[in-house]
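Chain residues, written in single-letter form:
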Amino acid sequence: MYKPANLREFVTQAVHKKPATQVINGHNQKTYTAVGTIKGKFKQKTTSELNANGLTIVEDKVSFITWWSNNLEAQDVLTINNIDFEIIGTVENVEMRNRYAVLSLRRIEGGA
């Protein structure tokens, strides 16, 4: 049976936000509304630097382990320490027990 860590290690607090699109002056504008807060374990995986059109783009990939929730979906945003991370792909339901969720997150900063 999967046990990620002791419960006391789920200490990183994140604000869960859902995306919504609005048409403003004929353009789709993406806005985010806060749904709630979750706690979990934050672990950085990789950092990549790319040069595109003369701009340097930094992309961080992160793993976030938390309690299972049905409202976590791809394209949602988690704000951790005032930094927005986007959920990549589907949320992993560990051993299909609806107890733990493993989220793959990414942050893009720079010219993107």
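Look up a bit, the structure's there.
Described below are features of the structure shown in this document. The structure displayed is predicted, hence computed values, not measured ones.

What counts and what doesn't
- Residues numbered from 1 in each chain as written.
- Predicted model: local features only at pLDDT ≥ 70, side-chain atom pairs only at ≥ 80, totals over all residues.
- Heavy atoms only, no water.
- Helix = DSSP H or I, 4+ residues; strand = E, 2+ residues; numbered from the N terminus.
- Buried < 20%, exposed > 50% of the residue type's maximum accessible area, 1.4 Å probe, protein only.
- Polar contact = N/O pair within 3.5 Å; in protein donor to acceptor, adjacent residues only side chain to side chain.
- Contact = heavy atoms within 4.5 Å.
- Core = buried A, V, L, I, M, F, W, Y, C linked by side-chain atoms within 4.5 Å.
- Salt bridge = Lys/Arg side-chain N within 4 Å of Asp/Glu carboxyl O.

## Side note on the side chain of Asp60
Now for step 1: On the secondary structure map, Asp60 appears in strand β3 (residues 55-67).
Now for step 2: Among the residues examined, Asp60 registers a relative accessible area of 6% and is labelled buried.
Now for step 3: One polar contact links Asp60 to Thr47, side chain to side chain, over a distance of 3.0 Å.
Now for step 4: A polar side-chain atom of Asp60 sits 2.3 Å from a polar atom in the side chain of Arg107.
Now for step 5: Excluding residues within four positions of it along the chain, Asp60 makes contact with Gln44, Thr46, Thr47, Leu105, Arg106 and Arg107.

## A look at the environment of Ile83
Now for step 1: Examined against the element boundaries, Ile83 turns out to sit in strand β5 (residues 83-93).
Now for step 2: With 51 residues separating them in the primary sequence, Ile83 and Tyr32 have C-alpha atoms 14 Å apart.
Now for step 3: Beyond its immediate chain neighbours, meaning those up to four positions away, Ile83 contacts Leu78 and Arg107.

## Side note on the nonpolar core
Now for step 1: Grouped together as the largest cluster of nonpolar side chains are 13 residues, with contacts concentrated most on Phe64, Leu78, Leu103 and Leu105.
Now for step 2: Secondary-structure elements contributing two or more residues to this core are β3, β4 (77-80), β5 and β6 (100-110).
Now for step 3: Listed in part, the five residues of the second largest apolar core include Phe10, Ile65, Val94 and Val102.

## Topic: the pattern of salt bridges
Oppositely charged side chains are able to pair whenever their charged atoms sit close together.
Now for step 1: Using the criterion set out here, one finds eight salt bridges in the structure.
Now for step 2: Put simply, Glu73 and Lys18 hold a salt bridge, and the shortest N to O gap is 3.5 Å. Residue Glu73 is located in the loop between β3 and β4, and its partner Lys18 is located in strand β1 (residues 12-24); the two are separated by 55 residues in the primary sequence.
Now for step 3: Relative accessible area serves as the criterion here: at 42%, Glu73 is assigned to the partly exposed category.
Now for step 4: With its nearest N and O atoms 3.1 Å apart, the salt bridge here joins Asp76 to Lys18. With Asp76 in the loop between β3 and β4 and Lys18 in strand β1, this residue pair connects regions lying 58 residues apart in the sequence. There is no split in this pair, since Asp76 and Lys18 are both buried.
Now for step 5: Taken together, the shared-partner salt bridges in this structure form one network comprising Lys18, Glu73 and Asp76.

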